[in-house]
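Secondary and tertiary structure notes
Spelled out from the first residue to the last, the chains are:
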Amino acid sequence: NASNIQSYMNQLFNKTRRGGDFTDLIIADPAYYNAYWASLTALQRFASPESMSAGSKTLKFQDGVDVVFESLESGITPNRMYFLNTDYLFFSVHKSRDFAPLEERNSINQDAMTMPIVWMGNLTASNLARQGVLNDL
């Protein structure tokens, strides 16, 4: 909840940190995002009327780390907040399926040809000690 979420976030942030190498993106489900946002209410300060109406889409955590809202409809696991160090996340593409065209094929229901284009890949990570998940267990 709003009274203790920053304490738990600080613990996980420090646990996944090594020197100047730390979490640079936090993705939160609605419950965690709202709890964190509520914990910041007393700390809000606006320098000008323009900054009040700007409407930020992300919140900030230590060292300017973005805390991003992710809706449950997107498929995020409920009651989770992911602490990511994007220096260790990679997009690995299969060498023979990187938007590779296949042979042309006749269309079944029209006078046309189709050419399937295929892609295969995966999001991979190294140094998993620099990644973290805050969750309810």
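Going by the structure above, here's the rest.
Keep in mind that what you see is a predicted model, and the values were worked out from it rather than measured.

Cut-offs used in this document
- Residues numbered from 1 in each chain as written.
- Predicted model: local features only at pLDDT ≥ 70, side-chain atom pairs only at ≥ 80, totals over all residues.
- Heavy atoms only, no water.
- Pairing = 2+ DSSP bridges.
- Helix = DSSP H or I, 4+ residues; strand = E, 2+ residues; numbered from the N terminus.
- Buried < 20%, exposed > 50% of the residue type's maximum accessible area, 1.4 Å probe, protein only.
- Polar contact = N/O pair within 3.5 Å; in protein donor to acceptor, adjacent residues only side chain to side chain.
- Core = buried A, V, L, I, M, F, W, Y, C linked by side-chain atoms within 4.5 Å.
- Contact = heavy atoms within 4.5 Å.
- Axes fitted to C-alpha atoms, helices over the stretch in contact; angles between N-to-C directions.
- Phe/Tyr/Trp six-rings, centres within 6.5 Å; stacked < 30°, edge-to-face > 60°.
- Parallel < 35°, antiparallel > 145°, perpendicular 65-115°, else oblique.
- Nonpolar A, V, L, I, M, F, W, Y, C, P; charged D, E, K, R; others polar.

Moving on: the pairing of strand S4 (residues 80-84). Judged from the four bridges that link them, strand S1 (residues 25-28) and S4 form a sheet pairing that is antiparallel. Bridge pairing links Ala28 to Met81 in S4. Bridge count between S4 and strand S9 (residues 132-135): four bridges; the pairing is antiparallel. If you follow Met81 over to S9, its bridge partner there is Leu134.

Its place among the elements puts Ser3 in the segment before helix H1 (5-15). Note on Ser3: relative accessible area 69%, which makes it exposed. Each C-alpha atom of the pair Ser3 and Ser39 lies 6.4 Å from the other, and the pair is 36 residues apart in sequence. Within the local environment of Ser3, its side chain forms a polar contact with the side chain of Asn1, the two groups lying 2.6 Å apart.

Met9, Ile26, Tyr36, Phe61, Val67, Met81 and Phe83 are the most contacted members of the largest nonpolar core, which has 18 residues in total. Elements represented by at least two residues in this core include exactly H1, S1, helix H2 (30-40) and S4. A total of five residues in this core trace back to one element, the largest contributor, which is H2. When near neighbours in sequence (up to four residues on either side) are disregarded, Val67 contacts Met9, Ile26, Ala28, Tyr33, Tyr36, Thr58, Leu59, Lys60, Phe61 and Met81.

What follows covers the side chain of Ser107. Structurally, Ser107 can be placed in the loop between strand S6 (105-106) and strand S7 (113-114). At 3.5 Å, the side chain of Ser107 and the side chain of Gln110 are in polar contact.

The strand order across the open sheet built from five strands is S2-S3-S1-S4-S9, with neighbouring strands paired in mixed fashion. Edge positions in the open sheet fall to strand S2 (58-60) and S9, since each of these has one partner strand only. Averaged over all adjacent pairs, the angle separating strand axes in this sheet is 20°, with direction ignored. Helix-sheet contacts for H2 involve S1, S2, strand S3 (66-69), S4 and S9, and the interaxial angle to S2 is about 55°.

Attention now goes to the packing of aromatic side chains. The geometry of an aromatic ring pair is captured by two quantities: the separation of the ring centres and the angle between the planes. Under the criterion given, the structure shown has eight aromatic pairs. With a centroid separation of 6.3 Å and an interplanar angle of 40°, the aromatic rings of Phe99 and Trp119 are classed as tilted. Within this pair, whereas Phe99 is found in strand S5 (residues 89-101), its partner Trp119 is found in strand S8 (residues 117-125), the two being separated by 20 residues in sequence. Linked through ring pairs, Phe13, Phe22, Tyr36, Phe61 and Phe83 together constitute an aromatic cluster.

In this section: the packing of H1 against H2. It is the contact of H1 with H2, at a shortest axis distance of 9 Å, that shows an interaxial angle of 110°. Accordingly, the angle class assigned to the pair H1 and H2 is roughly perpendicular. For the pair H1 and H2, the contacting residues are Ile5, Gln6 and Met9 in the first and Tyr32, Ala35, Tyr36, Ser39 and Leu40 in the second. Taken together, the residues of the contact of H1 with H2 break down into six nonpolar, two polar and no charged.

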